[in-house]
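Close look at the chain arrangement
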Amino acid sequence: MGFLRIARDWAATIPTLVAFGATLAVGDLVLRVSRLFGLRPMEWAVGYLQRALIACFRISGMRLEVEGSSNLQPGTGYVIVANHQSIFDIPLIGGTLLTNFPKYVSKVELGRGIPLVSYNLRRGGNCLIDRSDGRGAMRVIKAFGAECQERGVAAVIFPEGSRSRDGHLKEFKVAGSSMLMAGADRLPVVPAVIDGSWRLLTHKMFPIPFGTRVRIRFLDPIERHADEDRTLLVGRCRTQIAATLDAWAAAGA
């Protein structure tokens with residue numbers, strides 16, 4: 001049975017990776033052309049390309065379950081605070097919330113070397129930070145939040161700071177999320193819960209486990225107040241995310 005399972009994983013992984021690589025390569029060119037016509041055409045292209053990347057993983061039997069997206073209004077800005085399990089989380093959120101045009105806080109290193117992804121991060125209105133310059137990063141994040149609020153697009157941050165490689169929720173780094181909320185002080189805050197995407201990278205995609213179940217749930221938007229404590233708000237997001245992950249784990253067990 002173990003041999004058959006591995007053979008099945010590899011049989012699905014090979015066409016998945018071919019499709020994934022082709023989408024990245026062609027998508028990078030599509031983004032560069034669409035950017036010539038302005039930011040919004042590029043944003044539409046990014047959204048549909050992220051959906052294409054999700055479709056690539058369906059070749060490996062990936063089952064995606066989305067909950068709570070109806071809680072978010074199309075064409076509306078939000079601050080989305082999400083746990084982070086894999087690089088797949090980016091197209092997962094972007095492809096699901098296509099008309100909210102999600103933008104991401106990301107480390108500057110991802111702004112080079114990855115077809116489609118790096119160009120989008122550099123030229124698509126996202127926020128690239130140098131984590132070695134803490135004060136500078138906070139200024140950039142706050143300005144990014146203000147820009148997202150002005151444009152009415154979603155600003156996404158992963159407060160764990162790095163991916164959880166085993167699915168367990170890590171502690172949140174409060175400063176970046178608090179600064180993002182300060183810049184986008186009128187945008188509702190939406191905790192987003194992701195589970196299962198880490199399993200896609202269990203073997204660094206060589207192979208991809210067949211039939212992986214991936215779930216994402218957008219919790220109820222939290223309205224903003226002038227006298228709010230942003231540190232407590234970040235903690236509230238983590239508490240809600242942790243409770244959802246625990247409930248899913250208990251139901252699965």
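The rules behind the values
Residues numbered from 1 in each chain as written. Predicted model: local features only at pLDDT ≥ 70, side-chain atom pairs only at ≥ 80, totals over all residues. Heavy atoms only, no water. 1 Å grid on protein atoms, 1.4 Å probe; cavity = no way out; pocket = protein on both sides within 12 Å on 5 of 7 lines; lining within 4 Å. Points joined across faces, edges and corners; volume = space filled by probe spheres on them. Nonpolar A, V, L, I, M, F, W, Y, C, P; charged D, E, K, R; others polar. Helix = DSSP H or I, 4+ residues; strand = E, 2+ residues; numbered from the N terminus. Salt bridge = Lys/Arg side-chain N within 4 Å of Asp/Glu carboxyl O. Buried < 20%, exposed > 50% of the residue type's maximum accessible area, 1.4 Å probe, protein only. Patch = residues over 30% accessible without salt bridge, like charges linked within 9 Å, V, L, I, M, F, W, Y side chains within 5 Å. Areas by Shrake-Rupley, 256 points an atom, 1.4 Å probe, with all protein chains shown as cover. Pairing = 2+ DSSP bridges. Axes fitted to C-alpha atoms, helices over the stretch in contact; angles between N-to-C directions. Contact = heavy atoms within 4.5 Å. Right-handed = clockwise from strand over helix to strand, strands pointing away.

Quantified by volume, the largest pocket comes out at close to 1,200 Å³. Considering the residues around the largest pocket, the lining is formed by 48 residues, among which His84, Lys107, Leu110, Ser162 and Arg163 are closest to the centre. Considered class by class, the residues forming the lining of the largest pocket number 28 nonpolar, 13 polar and seven charged. Its boundaries defined by the atoms lining it, the second largest pocket holds a volume of some 390 Å³. Every residue lining the second largest pocket is counted, 16 residues in all, and those nearest its centre are Asp195, Arg199, Leu245, Trp248 and Ala249. Where the lining of the second largest pocket is concerned, the elements lending two or more residues are strand E7 (213-218) and helix H7 (230-252). For the lining of the second largest pocket, the element with the highest residue contribution is H7, accounting for seven residues.

The next point concerns the pattern of salt bridges. One pass over the structure, following the stated rule, counts eleven salt bridges. Ionic pairing is found between arginine 213 and glutamate 65, a salt bridge with its closest N-O pair at 3.0 Å. A residue pair is termed long-range when its members are at least 10 positions apart, and arginine 213 in strand E7 and glutamate 65 in strand E1 (residues 63-67) qualify at 148 residues. By relative accessible area, which is 38% here, arginine 213 ends up partly exposed. For the salt bridge of arginine 215 with glutamate 65, the shortest nitrogen-to-oxygen distance reads 3.6 Å. Of this pair, arginine 215 sits in strand E7 while glutamate 65 sits in strand E1; the two residues are 150 residues apart in sequence, bridging distant segments of the chain. On the basis of relative accessible area, arginine 215 is assigned to the buried category, the value being 12%. Several salt bridges converge on common partners, so that one network encompasses Glu65, Glu67, Arg213, Arg215 and Arg217.

We now examine a nonpolar patch on the surface. Taken together, the side chains of Ile6, Trp10, Ile14, Val18 and Phe206 define a hydrophobic patch exposed on the protein surface, amounting to about 510 Å² of accessible area. Within the secondary structure layout, phenylalanine 206 lies in the loop between strand E6 (189-195) and E7.

A separate point is the sheet that holds strand E3 (residues 103-107). In space, the seven strands of this open sheet follow the order E1-E7-E6-E2-E5-E3-E4, with mixed pairing throughout. Both outer strands of the open sheet, E1 and strand E4 (127-129), are each paired with one neighbouring strand and no more. Across the sheet, the axes of successive neighbouring strands diverge by a mean angle of 20 degrees, strand direction being ignored. Packing of helix H5 (residues 134-151) onto the sheet brings it into contact with E3, E4 and strand E5 (155-157), and relative to E4 it is tilted by some 175 degrees.

For the rest of this paragraph, the subject is the pairing of E3. Sheet faces and side chains relate simply in a regular strand, where the side chains alternate between the two faces. Within E3, four of the five residues are buried, leaving the element largely enclosed by the surrounding structure. Here E3 runs beside E5; their pairing, made up of two bridges, is parallel. Paired with lysine 103 across the strands is alanine 155, a residue of E5. In the sheet, E3 pairs with E4 via three bridges, with the strands oriented parallel. Residue pairing across strands places valine 105 opposite cysteine 127, the latter belonging to E4. For the segment spanning E3, helix H4 (residues 117-123) and E4, crossover handedness is right-handed.

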